[in-house]
Amino acid sequence: MSNSGSYDQIKEKIVKEIDAIIEKKEALVRSKQERISEKEEKIEIFEKGVKSGKNARKNLDLQIVEFSRQEADFDLQIGNLHAQIKIIENEKRGLQAVKLEREQELQKTDKMNLETVLILEKYKNDKALLQKDLEELITINDASIKALTIKKPEDEDDNTCPICLEGYNKTDHFRSCISLCFHQFGMSCLEKFLMHAVRLATETSKKGVIYIDFTDLSPIK
Ligand SMILES: [Zn+2]
Ligand SMILES: [Zn+2]
């Protein structure tokens, strides 16, 4: 019995050792599984990182392309603005030339206004001088320039002045007419009318050009 008891003891010891080894093996397998999972997790993280890095790079490439496009666009706009500046500068030069021309015209007009005022002053108290100068004007202009010319008409079919509606006389209100249209007026009335027209032009056109259209001196009816 002692021998068989001894075998049993040995067998039991061996079984225990086997159990211990199985236990160790299972622990090792668990550890191995854990390591494998850890490794797979890390691979997944790494792959995600690579993917997002690739995406980021792709986005940056796209941004660089877009920036280049915008840069070209800005260059185009700058070119257009330079062209506009040139046009504006040309217009400005044109306007400056026109302004200079207007200023010269204005100076000329001011001089003419001053001359007219001086003429009016000159004749204000000297009707005889006005009459004399008007006659001189008639002599100078009658044949050459078709401007203000006054002369006595040949026919005498109408006997009243259309300005004052009175008859003509042989002194100051003698029969006169504008040679351009042959409308008849008493000389003193025509004088007053012309003086008034010149004064009106002087008063109303201080900054403009004095221009009396003598061809439009139609008789007042
Ligand atoms: Zn009259
Ligand atoms: Zn007339």
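Residues numbered from 1 in each chain as written. Chains lettered and ligands numbered in written order. Predicted model: local features only at pLDDT ≥ 70, side-chain atom pairs only at ≥ 80, totals over all residues. Heavy atoms only, no water.

**What to know about the confidence of the model for the protein chain**
Summary statistics for the protein chain give a mean pLDDT of 77 and a share of 69% for residues scoring 70 or more. Mean pLDDT across the elements of the protein chain bottoms out in strand β1 (residues 150-151) (50) and peaks in helix α1 (residues 2-124) (89). Considering only residues more than four positions removed or in separate chains, one finds that residues 138-149, a stretch of pLDDT under 50, has 15 contacts. (pLDDT = per-residue confidence, 0-100. Helix = DSSP H or I, 4+ residues; strand = E, 2+ residues; numbered from the N terminus. Contact = heavy atoms within 4.5 Å.)

**Overview of the pattern of salt bridges**
Under the criterion given, the structure shown has five salt bridges. Among the salt bridges present, the one from Arg102 reaches Glu105, with a minimum N-O distance of 3.8 Å. Remark: Glu105 and Arg102 occur in helix α1; sequence separation between them is three residues, near one turn of the helix. Arg102 gets classed as partly exposed once you look at its relative accessible area, which sits at 48%. Residue class for Glu105 comes out partly exposed when judged on its relative accessible area of 36%. (Salt bridge = Lys/Arg side-chain N within 4 Å of Asp/Glu carboxyl O. Buried < 20%, exposed > 50% of the residue type's maximum accessible area, 1.4 Å probe, protein only.)

**What to know about the coordination of the zinc ion (ligand 1)**
Coordination sphere of the zinc ion (ligand 1), protein contribution only: Cys161 (SG), Cys164 (SG), His173 (NE2) and Cys189 (SG), at 2.2 to 2.4 Å. Bound by four donor atoms, the zinc ion (ligand 1) shows angles of 96 to 118° at the metal and therefore tetrahedral coordination geometry. The sequence pattern formed by the donor residues of the zinc ion (ligand 1) is C-x2-C-x8-H-x15-C. (Donors = N, O, S within 2.8 Å, 3.2 Å for Na, K, Ca; no water. Tetrahedral: all angles 85-135°; square planar, octahedral: opposite > 155°, others 65-115°.)

**Considerations on a nonpolar patch on the surface**
A contiguous nonpolar surface patch, about 500 Å² in accessible area, is contributed by Tyr7, Ile10, Ile14, Ile18 and Ile22. With respect to the element layout, Tyr7 can be found in helix α1. You can call Tyr7 exposed: its relative accessible area is 61%. (Patch = residues over 30% accessible without salt bridge, like charges linked within 9 Å, V, L, I, M, F, W, Y side chains within 5 Å. Areas by Shrake-Rupley, 256 points an atom, 1.4 Å probe, with all protein chains shown as cover.)

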